[in-house]
Amino acid sequence: MLHQEFAATREIMRRATAERISLVIRAIPYPCWKCTYDDVAVGAIHVDGITDPYQVITTESGLALDYAAELLTLAGHPQMTTIKARKSRTAKETYLSNGCSRCDALFGQFPLSEKLLGVLAAGEVSTLPVLATVKRSAIEWYALIGLSATSGNLD
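Thresholds, definitions, all that
- Residues numbered from 1 in each chain as written.
- Predicted model: local features only at pLDDT ≥ 70, side-chain atom pairs only at ≥ 80, totals over all residues.
- Heavy atoms only, no water.
- Pairing = 2+ DSSP bridges.
- Helix = DSSP H or I, 4+ residues; strand = E, 2+ residues; numbered from the N terminus.
- Axes fitted to C-alpha atoms, helices over the stretch in contact; angles between N-to-C directions.
- Contact = heavy atoms within 4.5 Å.
- Salt bridge = Lys/Arg side-chain N within 4 Å of Asp/Glu carboxyl O.
- Buried < 20%, exposed > 50% of the residue type's maximum accessible area, 1.4 Å probe, protein only.

(A) Highlighting the sheet that holds strand E2 (residues 38-47). Judged by pairing direction, the sheet is antiparallel, and its four strands sit side by side in the order E3-E2-E1-E7 without closing on themselves. The sheet terminates laterally at strand E3 (56-58) and strand E7 (130-137), the two strands that pair on one side only. Geometrically, the sheet is characterised by an average inter-axis angle of 30° between neighbouring strands, direction not taken into account. For strand E1 (residues 20-31) and E7, the ladder comprises seven bridges, and the chain directions are antiparallel. Along E7, the bridge assignment pairs valine 24 with threonine 133. The sheet contacts of helix H2 (residues 62-75) involve E1, E2, E3 and E7, and relative to E7 the element is tilted by about 90°. Relative to the sheet, helix H3 (residues 109-121) contacts E1, E2 and E3, its axis offset from that of E1 by approximately 115°.

(B) Structural view of the sheet that holds strand E4 (residues 84-88). Ordered in space as E4-E5-E6, the three strands form an open sheet in which the pairing is antiparallel. Two strands close off the open sheet at either side, each with one partner strand: E4 and strand E6 (106-107). Pairing geometry for E4 and strand E5 (residues 93-99), over five bridges, is antiparallel. Residue pairing across strands places alanine 85 opposite leucine 96, the latter belonging to E5.

(C) Expanded view of the pattern of salt bridges. Applying the stated criterion across every chain, the model contains five salt bridges. The partner of glutamate 11 in a salt bridge is arginine 14, and the shortest N-O contact between them spans 2.8 Å. With glutamate 11 and arginine 14 both in helix H1 (residues 2-18), this residue pair falls three residues apart, about one helical turn. Using a relative accessible area of 46% as the deciding quantity, one classes arginine 14 as partly exposed. For arginine 86, the salt bridge goes to aspartate 104, with nearest N and O atoms at 2.9 Å. Remark: aspartate 104 occurs in the loop between E5 and E6 and arginine 86 occurs in strand E4; sequence separation between them is 18 residues. For arginine 86, a relative accessible area of 6% corresponds to the buried category. Ionic contacts of the salt-bridge type, sharing partners, join the residues Glu11, Arg14 and Arg15 into one network.

If you want it as structure tokens, here you go:
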């Protein structure tokens, strides 16, 4: 019996590392507070075809935003340049954030989070513009979704 359990573990890990899945990075319309440009912020990551709110990771901050930046870099998408560490006068700290593609103003984590939660609650993730779709090892997604579920956030 013990050998079968180890065999199952090996098979799970083999599939998780060998399987490649398409991850979709979506934007959310976000007008800049400083220059009033009708811009977008990187808003969510999900597996292609699955937009159930419990299977979508929002990317307003932290590890999820950093991962979205990596995916956009792999895709060669110019939106990757709008994600960087910026100083927030409101929060009185520097943190990784979305920003305006025209004037580089910080898009605040809290207002962006509120907007994304509204999209999730309304079940409208699939209406958000797609920035890129990238094939990645399934284990990356499993780890990201697992971390999100256990900690409540990815900050």
